Amino acid sequence: MNKENLSSTEYFLIVGFSDVPHLQIPLFVAFLMAYLLTLVGNLLILITVYLNSHLHTPMYFFLANLSFIDIWYVSVFFRKLLANFFLEGIQVSLMECLLQLFFFLVIVTVEFLLLTVMAYDRYVAICNPLRYTSIMNKAVCMWLTAGSWGVGLINAIPHIGLLSKLSFCNTHIINHFFCDLTALLKMSCSDTFSNETCIYINGVVIVIMSFVFIIISYFKITVSILKIQSKSGKEKAFSTCASHLIVVILFYVSLCSTYMRPTSTYSIKDNKIMSLSYAVITPLCNPIVYSFKNAEFKNALRKFHWFQIVAGHLSPSSKSTGLERHCLAE
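> Tell me about a nonpolar patch on the surface, and please be specific about residues and values.
A cluster of nonpolar side chains, Ile201, Val204, Val205, Ile208, Met209, Val212 and Ile216, forms an exposed patch at the surface whose accessible area comes to about 610 Å². Its location among the elements puts Val205 in helix α8 (residues 193-225).

Put into structure tokens, the structure is as follows:
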């Protein structure tokens, strides 16, 4: 069998969604709108948190970091994805492909860990409100964020190192909308056992453990919410916390379904569709779920006169107090 070593490959061809020519224009419009809304929503969070001193708290510090991550997240592959709708394929060099995958792996890992840190922050705020300021102080927040970035960088290195040793069979066409790890493994005619083992180890250590930690945190938060006396308070608190948890589950399940299974079971078409949930939908939903449903954040937005009309439609109908405010502020 004719094999081509990765180190000698000059370029890869990313074909995107060229297999559905009749949907090129609708898909382009949809992805362009998603990209612009994601950028605007997350930039708005960054600007609002930076300019409003009342939002200089641990919760909004983590939200701002999540928004920063999501901006880079979509920027990693969206420009080439949009350009691909007008071309038969985007040619990328080996270095570009590896760099894109490296940044993608770093960003995904950091987002996993930030979502976990945010769940812990809400747990402390709701279940230990008297100790919140002492536990989640500035130094702790900085270390948690820096640690997330450090783990993300360390996590991406072995994947790229192992990938650089693979050989590919008769093609360098990537049937995906970016240099996805599963697509590259599917193309390889080398033994990918080491690559898959690395994925499983990272999946268990980072993904599964983080997800379990989030579930436990939300379970304890739910127990505390049940202590709220008013029925309307419980409904509002459950509605807000449930929407957060749904986004987290969507992000985790889609990534686990895509990566944590043997290469022989990979379906490029299914993986491409599944990738849309964590690559497009989650970054788009995060600003809405984590900020724009937040009464305190909406009050801060009203200070921007050009946003008064939109903020008026989002205005809360009643005030929340005590424990209910903590969950609604999440």
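> Which residues make up the packing of helix α4 (residues 94-127) against helix α6 (residues 138-163), and what values go with them?
In a pair of packed helices, the angle between the axes and the distance between the axes together describe the arrangement. In the contact formed by α4 and α6, the axes pass within 8 Å of each other and the chain directions differ by 145°. Where α4 crosses over α6, the handedness of that crossing is right-handed. Touching Leu98, Leu101, Phe102, Leu105, Val106, Thr109, Val110, Leu113, Leu114 and Val117 of α4 are Leu144, Ser148, Trp149, Val151, Gly152, Leu153, Asn155, Ala156, Ile157, His159, Ile160 and Leu163, all from α6.

> Residue-level account of the environment of Gly16, with values.
Along the chain, the position of Gly16 falls in the loop between β2 (11-14) and α1 (24-51). A relative accessible area of 0% places Gly16 in the buried class. Here Gly16 is in contact with Asn84, Asn175, His176, Phe177 and Lys272, once residues within four sequence places are set aside.

> Please set out α8 residue by residue, giving values where relevant.
Given a rise of 1.5 Å per residue, 33 residues ought to cover 48 Å, and the 46 Å separating the end C-alpha atoms of α8 matches this to within 8%. Where α8 bends most, at Gly203, the angle is about 40°.

> Give me the packing of α1 against helix α2 (residues 58-75): which residues, what numbers.
With their axes 9 Å apart at the nearest point, α1 and α2 run at an angle of 150° to one another. Considering the angle they form, α1 stands roughly antiparallel to α2. In this structure, the crossing between α1 and α2 has a hand that is left-handed. Across the interface between the two elements, Tyr35, Thr38, Leu39, Asn42, Leu43, Ile45, Leu46 and Val49 from α1 touch Tyr60, Leu63, Ala64, Ser67, Phe68, Asp70, Ile71, Val74 and Ser75 from α2. A class-by-class count of the residues in the contact of α1 with α2 yields twelve nonpolar, four polar and one charged.

> So what's going on with the state of the cysteines? Residues and values would help.
In protein chemistry, a disulfide is the covalent bond that joins the sulfur atoms of two cysteines. Summed over the entire model, instances satisfying the criterion amount to one disulfide. A disulfide bridge connects Cys97 with Cys179, and the sulfur atoms are separated by 2.2 Å. Sign of the S-S torsion, about -130° for the bond between Cys97 and Cys179, identifies this disulfide as left-handed. Of the two residues, Cys97 is situated in helix α4 and Cys179 in the loop between β5 (173-174) and α7 (181-187); the sequence distance between them amounts to 82 residues. Note on accessibility: Cys97 and Cys179 belong to one class, buried.

Thresholds, definitions, all that
Residues numbered from 1 in each chain as written. Predicted model: local features only at pLDDT ≥ 70, side-chain atom pairs only at ≥ 80, totals over all residues. Heavy atoms only, no water. Patch = residues over 30% accessible without salt bridge, like charges linked within 9 Å, V, L, I, M, F, W, Y side chains within 5 Å. Areas by Shrake-Rupley, 256 points an atom, 1.4 Å probe, with all protein chains shown as cover. Salt bridge = Lys/Arg side-chain N within 4 Å of Asp/Glu carboxyl O. Helix = DSSP H or I, 4+ residues; strand = E, 2+ residues; numbered from the N terminus. Axes fitted to C-alpha atoms, helices over the stretch in contact; angles between N-to-C directions. Left-handed = near helix turned anticlockwise from the far one by under 90°. Contact = heavy atoms within 4.5 Å. Buried < 20%, exposed > 50% of the residue type's maximum accessible area, 1.4 Å probe, protein only. Expected span 1.5 Å × (residues − 1). Bend = angle between axes of the 7 residues up to and from the residue. Parallel < 35°, antiparallel > 145°, perpendicular 65-115°, else oblique. Nonpolar A, V, L, I, M, F, W, Y, C, P; charged D, E, K, R; others polar. Disulfide = S-S within 2.5 Å.

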